[in-house]
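One letter stands for each residue in the lines below.
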Amino acid sequence: MKLGDRLKFARLMKGLTQEETAEGIISVSYLSKIQNNQVIPSQEVLEWLFRRLDIRPGGNETMPSWFEWVMSWYKAMTNRDVPAARELYETVKERCEQSGDAEAMIYFQLMRIRYWLLLGDKKGAETAAQSVRDWYGSLSDDMRYYYWKFFGLLS
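A short tour of the structure in this document, coming up. Nothing here was measured: the structure is a model prediction, and the numbers come from that model. (Residues numbered from 1 in each chain as written. Predicted model: local features only at pLDDT ≥ 70, side-chain atom pairs only at ≥ 80, totals over all residues. Heavy atoms only, no water.)

## Focus on the packing of aromatic side chains
This model, assessed by the stated rule, comprises 21 aromatic pairs. Their ring planes at 70° and their centres at 5.7 Å tell us that Trp73 and Tyr89 sit as a pair that is edge-to-face. On the criterion of sequence distance, the pair formed by Trp73 in helix H5 (residues 66–78) and Tyr89 in helix H6 (residues 82–99) is long-range, its members being 16 residues apart. Each member of the pair, Trp73 as well as Tyr89, is classed as buried. (Phe/Tyr/Trp six-rings, centres within 6.5 Å; stacked < 30°, edge-to-face > 60°. Helix = DSSP H or I, 4+ residues; strand = E, 2+ residues; numbered from the N terminus. Buried < 20%, exposed > 50% of the residue type's maximum accessible area, 1.4 Å probe, protein only.)

So, in structure tokens, the structure goes:
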């Protein structure tokens, strides 16, 4: 996922407009160019945007990364271990949210499709799929793999 896509995703997750995000930092048109991956901002601008959007650097290296938690949750789901998947749901959600990483939140949303399918909740899976569908153009190849895999299970 490119920097601009991450910033846009984080902005929308916080419910901020471009105007609110850019205020006092840069122009709205410049923020738009950043979000559309047309320009790369200076380190200073990036730091201000990260503060505004509450994006934090990586977490404690002694703890598993958010991705490892997501993959543990996914493994529980593919093993059809409903109790483990239910138990991991809140932990994974919290880890992804705390990471401040837009990519983490997209992976969480992707895996929610599989989670709701495991629980037999097709409506929940469809809702989760819709939330990811809006971001399809920003998904990495790995994310698209999971998206289509889960979409196939949903059909």
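Next comes the rest of the description.
## Thoughts on the nonpolar core
Core analysis: the largest hydrophobic core is formed by 36 residues, its most contacted members being Trp73, Leu110 and Met111. If you list the elements that add at least two residues to this core, you get H5, H6, helix H7 (102–118), helix H8 (122–133) and helix H9 (141–154). With twelve residues, H7 is the single largest residue contributor to this core. Ignoring anything within four residues of it in the chain, the contact list for Met111 reads Val70, Met71, Trp73, Tyr74, Met77, Tyr146 and Phe150. In terms of nonpolar packing, the next biggest core, distinct from the first, is built from twelve residues, Ile25, Ile34, Val45 and Leu53 among them. (Core = buried A, V, L, I, M, F, W, Y, C linked by side-chain atoms within 4.5 Å. Contact = heavy atoms within 4.5 Å.)

## Considering the packing of H6 against H7
Between two packed helices, what matters for the description is the angle formed by their axes and the separation of those axes. For the pair H6 and H7, interaxial distance at closest approach is 10 Å and the crossing angle is 165°. The angle between the axes of H6 and H7 places the two elements in the roughly antiparallel class. In this structure, the crossing between H6 and H7 has a hand that is left-handed. Contact with H6, carried on its side by Val82, Ala85, Arg86, Tyr89, Val92, Lys93, Cys96, Glu97 and Ser99, involves Ala104, Met105, Phe108, Arg112, Tyr115, Trp116 and Leu118 of H7 and no other residues of that element. Within the contact of H6 with H7, the residues separate by chemical class into eleven nonpolar, one polar and four charged. (Axes fitted to C-alpha atoms, helices over the stretch in contact; angles between N-to-C directions. Parallel < 35°, antiparallel > 145°, perpendicular 65-115°, else oblique. Left-handed = near helix turned anticlockwise from the far one by under 90°. Nonpolar A, V, L, I, M, F, W, Y, C, P; charged D, E, K, R; others polar.)

## Overview of H6
Compared with the 26 Å implied by 1.5 Å per residue over 18 residues, the 25 Å span of H6 between its first and last C-alpha is a close match. For H6, the principal kink sits at Leu88 and spans about 35°. Turning to H6, its buried residues are Ala85, Leu88, Tyr89, Val92, Cys96 and Ser99. Structurally, H6 contributes buried residues whose contacts are with H5 and H7. Measuring from the backbone nitrogen of Ala84 back to the side-chain oxygen at the start of H6 gives 3.2 Å, which picks out Asp81 as the cap. Two residues or fewer after H6 comes Gly100, characterised by a positive phi angle close to 70°. (Expected span 1.5 Å × (residues − 1). Bend = angle between axes of the 7 residues up to and from the residue. Polar contact = N/O pair within 3.5 Å; in protein donor to acceptor, adjacent residues only side chain to side chain.)

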